[in-house]
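# A structural walkthrough
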Protein chains: 2
Amino acid sequence: MKNIYLLGATGSIGTQTIEIIEKHPDAFCLKAISGYKNLDSIIEIASKFCLDLIAVKDMEDALIIQKHFPNTKVVYGENGLIELAVCNPKDKEGLLINALVGMVGLKPTIESIQINRNVLLANKESLVVGGHLIKDLLEEHDVHLFPIDSEHNAIWQMLQGENPKFIKKLYITASGGSFRDLSRAQLSDVTVSQALKHPNWTMGSKITIDSATMMNKGFEIIEAAYLFDMDIENIVPIIHRESIIHSMVEYIDNSISGLLATPDMRMPISYAMFYPEREESLIKPLDFTKLSKLTFEEVDYERYPLVKLAIKAYALGGSARTVLNAANEACVDLFLKQKIKFIDIETIVSKSVNTHKVIAHPSLDEIYEIDKAIKKEIYKKYNN
Amino acid sequence: MKNIYLLGATGSIGTQTIEIIEKHPDAFCLKAISGYKNLDSIIEIASKFCLDLIAVKDMEDALIIQKHFPNTKVVYGENGLIELAVCNPKDKEGLLINALVGMVGLKPTIESIQINRNVLLANKESLVVGGHLIKDLLEEHDVHLFPIDSEHNAIWQMLQGENPKFIKKLYITASGGSFRDLSRAQLSDVTVSQALKHPNWTMGSKITIDSATMMNKGFEIIEAAYLFDMDIENIVPIIHRESIIHSMVEYIDNSISGLLATPDMRMPISYAMFYPEREESLIKPLDFTKLSKLTFEEVDYERYPLVKLAIKAYALGGSARTVLNAANEACVDLFLKQKIKFIDIETIVSKSVNTHKVIAHPSLDEIYEIDKAIKKEIYKKYNN
């Protein structure tokens, strides 16, 4: 029986994690959740499980939840998320599932590693922004990060039993996002609701926009570099419209192993939760007779400049990755609020990275300062 | 340095094996070859390597080869193939590569296992006909069979680091062979030269015809059942015209891992030779930008009755598999000699299996007797 500490319980990944827990009550016990401001969902989840801790965004909400569940510890704010990550600190078999969106996920990941608790990571920002810190901590604490991104999870599966010295290249597949059939010129007037229609996956709005700009894929390239200790030039994004092959590993003998599955996040979540075991899952088996075809296209960096920019930010190193993420977080938020156009996301993020003076090994405090400064600057200019 | 004992050195697999040995003189030393009646090729190979033994088909040819290479042991006939398999019996690190075509490959496989030498197996008949004997011997001698069929090799690669208890299904991919675009009605007058034009692979004539009838795929299903200890109903053939995915494994959580590579037999041969290492290979890396698409189709058992027949023969058990193979060997030979039509292969092989009275656990002697009797009967009837 593994205890689950779940950050982001009311989002898309969180909801699917809870489905898996409910299907396997003998394997997992949900111990703590965070749920931002979704009180109804929090109450619903907390009524079904005997939780040790609930984290919400604001104090007022914490008081409401506390009344409903007087025997459960209720916390709030960013510190509440950290309290969740280190809840029951002696429970070494427990798993932190970090499904937060944004920079707010970084500190909980770090704190969990520091109490020697393995982390199932959906929060991209932890590695994109804090990869250099996390890598050292993982070694120091002998703790594992298990990716629940479908792409990295696929690569992780493929690398079971393989010697890392034989890996030549990683292929990260990409659907191409909502606007994959539009040229750059056609992007100028796209709307928020068009951007939120992802062809293959049902996900939160932030990640759906990141998928449309393919910033998402840029982040995943950086994550893969940290997770699998690969040179970034050997991590190749490839457009695969059907989202059936979830990523691939090429070996020095030019064999390539790939993971195929129905596009359903319950697959990577469940693999990571049960690892090193496998269990019957909730996802549909692939039906090859219904798969008409699988296609592949090179990623055009002119069409998707943020992928190239992510690779550049990784090469620049240190704080450039913080700026990349901070500018993108602000811009996606502003786009969703209809303060800027879709195409502005690329322009503003690129400008932010290209004008930033890089700090080589930023500390956690420096990261948060830079993040704040960049966001402040962008909101000041465009949020009106 | 591994010593290589190579049965079938002058055929397609043999030639490619020698290319790999020549590229890696520090890793492999060719010690013995068999070459049937291809004296020119034998002389060419033997001039380049310092061989301990050469096996040919006939005594007269042995005398000719002996004159050329007075310091090398030269043997002939079926016993010569066995002498090759057990050459230098104390060399436990040596590998037998069995690339013989037909029943003639069975005894050398068995003899090699009996001297505790691992076998790299391209000879399908060893397992199709003698699977029940070989399985017991492998356990008894703690010896491994490493498949160099592209399909089984792919599955073997995929299963590295995976727990067999989580395997749900194996998908064996099939190109569909030379006549995949013809209906059954259109098969009645196809010629030998049409049948020998395989869309994706360059192989010997026997296996190219077996690919056109998909008898080949039936054999591979039986082989997979023995190699991976799977129930035959969980081994599913699937038509994949591009021959890029070389086979797949489905797990209980509905993840599927697949091996992708340029269709080039040097990949599986090289993987098996270097195992558990990988080495830079002679095959071209896959270029995803040039892959237009990958497609999949269900196998129509009405169109390809020999696949169904193979599954039936496996279920019938014992000597039914010997009959399946013997009748097919005879029929393919008769078709190549233009004594029977393409479509007759299916009719005659099916009739042979369906009228045979099964012996449950045939001994090696019984297998050879049945093989001889079936072939004799078919040749008597059609070879005129």
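Quantities reported herein were computed from a predicted structural model and do not represent experimental measurements.

With that settled, consider the environment of Ala224(A). Residue and element names in this part refer to chain A. Relative to the elements of secondary structure, Ala224 occurs in helix H10 (residues 215-227). Of the residues examined, Ala224 reaches a relative accessible area of 0% and is grouped as buried. Separated by 143 residues in sequence, Ala224 and Leu81 place their C-alpha atoms 25 Å apart. The residues touching Ala224, leaving out its near neighbours within four places in the chain, are His152, Leu170, Ile172, Asp229, Met230 and Ile235.

So, about the relation of the copies chain A and chain B. Once chain A has been moved 0.0 Å along the axis and rotated by 180°, it coincides with chain B to within an RMSD of 0.0 Å. Both chain copies can therefore be described as sitting about a two-fold axis. Ranked by how close their C-alpha atoms come to the rotation axis, the residues of chain A are headed by Gly161(A), at 1.8 Å. Counting the interface residues of chain A, we find that 100% of their copies in chain B are interface residues as well, pointing to one common contact surface.

Further remarks concern the confidence of the model for chain A. On average, residues of chain A score 96 in pLDDT, and 100% of them reach the 70 mark or higher. The complex model carries a pTM of 0.95, and its ipTM stands at 0.94.

Before going further, it helps to spend a moment on the packing of aromatic side chains. Taken as a whole and judged by the stated rule, the model has 22 aromatic pairs over all chains. A ring pair is formed by Phe296(A) and Phe288(B), whose centres lie 5.0 Å apart and whose planes are at 55°; its orientation type is tilted. With Phe296(A) in the loop between strand S12 (293-295) and strand S13 (297-298) and Phe288(B) in the loop between helix H11 (266-274) and strand S12 (293-295), this residue pair bridges two chains. We classify Phe296(A) as buried; its relative accessible area is 4%. Between the aromatic rings of Tyr226(B) and Tyr314(B), the centroid separation amounts to 5.6 Å while the plane-to-plane angle is 70°, which identifies the pairing as edge-to-face. Residue Tyr226(B) is located in helix H10 (residues 215-227), and its partner Tyr314(B) is located in helix H12 (residues 305-316); the two are separated by 88 residues in the primary sequence. With relative accessibility at 23%, the residue Tyr314(B) sits in the partly exposed group. A network of ring pairs unites the aromatic residues Phe146(A), Trp156(A), Tyr271(A) and Tyr275(A) as a single cluster. Over the aromatic face of Tyr5(A) sits the side chain of Arg117(A), whose NZ or CZ is 3.9 Å from the ring centroid.

Time to look at empty space enclosed by the protein. Once rolled over the atoms, a probe with the size of a water molecule shows which space is left empty. Following the criterion strictly, the structure yields 4 cavities of 30 Å³ or more and no others. Of the pockets and cavities examined, the largest cavity occupies roughly 80 Å³. Looking at the largest cavity, the residues that line it are Gln157(A), Met158(A), Gln160(A), Glu162(A), Tyr251(A), Ser257(A), Gln157(B), Met158(B), Gln160(B), Glu162(B), Tyr251(B) and Ser257(B). Looking at the lining of the largest cavity, the elements with two or more residues in it are helix H7 (150-158) of chain A together with helix H7 (150-158) of chain B. Taken together, the residues that form the lining of the largest cavity break down as 4 nonpolar, 6 polar and 2 charged. Its volume calculated, the second largest cavity comes out at about 40 Å³. Along its surface, the second largest cavity is lined by Ile20(A), Lys23(A), His24(A), Arg266(A), Ser270(A), Phe274(A), Glu280(A), Ser281(A) and Leu282(A). Elements represented by at least two residues in the lining of the second largest cavity include exactly helix H1 (12-23) and helix H11 (266-274) of chain A. No other element matches H11(A), which puts 3 residues into the lining of the second largest cavity. Classifying every residue of the lining of the second largest cavity by side-chain character gives 3 nonpolar, 3 polar and 3 charged.

Listed per partner, the contact involves 45 residues of chain A and 45 residues of chain B. Together, the buried faces of chain A and chain B total about 3,600 Å²; carbon and sulfur atoms form 57% of this surface. Per-residue buried area on chain A facing chain B is highest for Asp253(A), Arg278(A) and Phe288(A); these three make up 21% of the total on that side. Across the salt bridge formed by Arg278(A) and Asp253(B), the nearest N and O atoms sit 2.9 Å from each other. Those elements that provide at least two residues to the side of chain A that touches chain B are H7, strand S8 (167-174), strand S10 (245-251), strand S11 (256-260), H11 and S12 of chain A. Examining the composition of the side of chain A that touches chain B, we find that 5 residues originate from one element, S11(A), more than from any other. Its residues placed into classes, the side of chain A that touches chain B shows 22 nonpolar, 11 polar and 12 charged. Where S11(A) meets strand S11 (residues 256-260) of chain B, 5 bridges bridge the pair, whose relative direction is antiparallel. Looking across to S11(B), one finds that Gly258(A) is bridged to Gly258(B).

What follows deals with a nonpolar patch on the surface. Residues and elements named next belong to chain A. A cluster of nonpolar side chains, contributed by Met59, Leu63 and Tyr76, occupies part of the molecular surface with about 310 Å² of accessible area. As for its position among the elements, Met59 is in helix H3 (residues 59-68). Classification of Met59 as partly exposed rests on a relative accessible area of 43%.

Our focus in this paragraph is the sheet that holds strand S9 (residues 235-239) of chain B. Overall, mixed pairing links the 10 strands, which are arranged S13(A)-S9(A)-S8(A)-S10(A)-S11(A)-S11(B)-S10(B)-S8(B)-S9(B)-S13(B) in an open sheet. Taken across any chain shown, the strands that pair with only one partner, and hence form the sheet edges, are S13 of chain A together with strand S13 (297-298) of chain B. Strand direction decides the pairing type here: strand S8 (residues 167-174) of chain B and S9(B), joined by 5 bridges, are parallel. Following the sheet pairing, Thr173(B) is matched in S9(B) by Ile238(B). Contacts from H10(B) reach S8 and S9 of chain B, with the element oriented near 155° to S8(B).

Cut-offs used in this document
- Within every chain, residues take consecutive numbers counted from 1 along the sequence as written.
- To label them, take the chains in the order written and letter them from A, then take the ligands in the order written and number them from 1.
- Residue-level local features of this predicted model are given only where pLDDT is at least 70; pairs of side-chain atoms are given and counted only at 80 or more, and the full residue set underlies all totals for whole chains, interfaces and linings.
- Hydrogens are left out, water is left out, and the side-chain values use all remaining heavy atoms of the structure.
- A run of DSSP states H or I qualifies as a helix once it reaches four residues; a run of E qualifies as a strand once it reaches two. Both are numbered from the N-terminal end.
- Between buried and exposed lies partly exposed: a residue is buried under 20% and exposed over 50% of the maximum accessible area for its type, with that area taken using a 1.4 Å probe on protein chains only.
- Note on contacts: a residue pair is in contact if any heavy atoms of the two residues lie within 4.5 Å.
- The fit set for superposing copies consists of C-alpha atoms from residues with pLDDT of at least 70 in both; the fit itself is least squares.
- The quantity known as pLDDT measures the predictor's confidence residue by residue, on a range of 0 to 100.
- Within 6.5 Å between ring centres, the rings of Phe, Tyr and Trp (the latter by its six-membered ring) count as paired, and their orientation is classed by plane angle as stacked under 30 degrees, edge-to-face over 60, tilted in between.
- Here, a charge over a ring is recorded when the distance from Lys NZ or Arg CZ to the ring centre is within 6 Å and its angle to the ring normal is within 35 degrees.
- We place a 1 Å grid over just the protein atoms. Points where a 1.4 Å probe fits but has no way out form a cavity, open points with protein on both sides within 12 Å along at least 5 of 7 lines form a pocket, and any residue with an atom within 4 Å of a point lines it.
- Grid points are joined across faces, edges and corners, and a volume is the space filled by probe spheres set on the points.
- Three categories are distinguished: nonpolar for Ala, Val, Leu, Ile, Met, Phe, Trp, Tyr, Cys and Pro, charged for Asp, Glu, Lys and Arg, and polar for the others, with Gly belonging to the last.
- Note on definitions: buried area is the accessible-area loss of two parts on being combined, 1.4 Å probe, summed for both.
- Any carboxyl oxygen of Asp or Glu that lies within 4 Å of a side-chain nitrogen of Lys or Arg is treated as forming a salt bridge with it.
- Strand pairing follows a simple DSSP-based rule, namely that at least 2 bridges must link the two strands.
- For patch building, the residue pool is restricted to those with more than 30% relative accessible area and no salt bridge; the joining distance is 9 Å between like charges and 5 Å between nonpolar side chains (Val, Leu, Ile, Met, Phe, Trp, Tyr).
- Accessible areas in this description were obtained via Shrake-Rupley with a 1.4 Å probe; residue shielding takes into account the shown protein chains only.
- Here the axes come from fitting lines to C-alpha atoms, over the contacting stretch only for helices, and the angles between their N-to-C directions go from 0 to 180 degrees.

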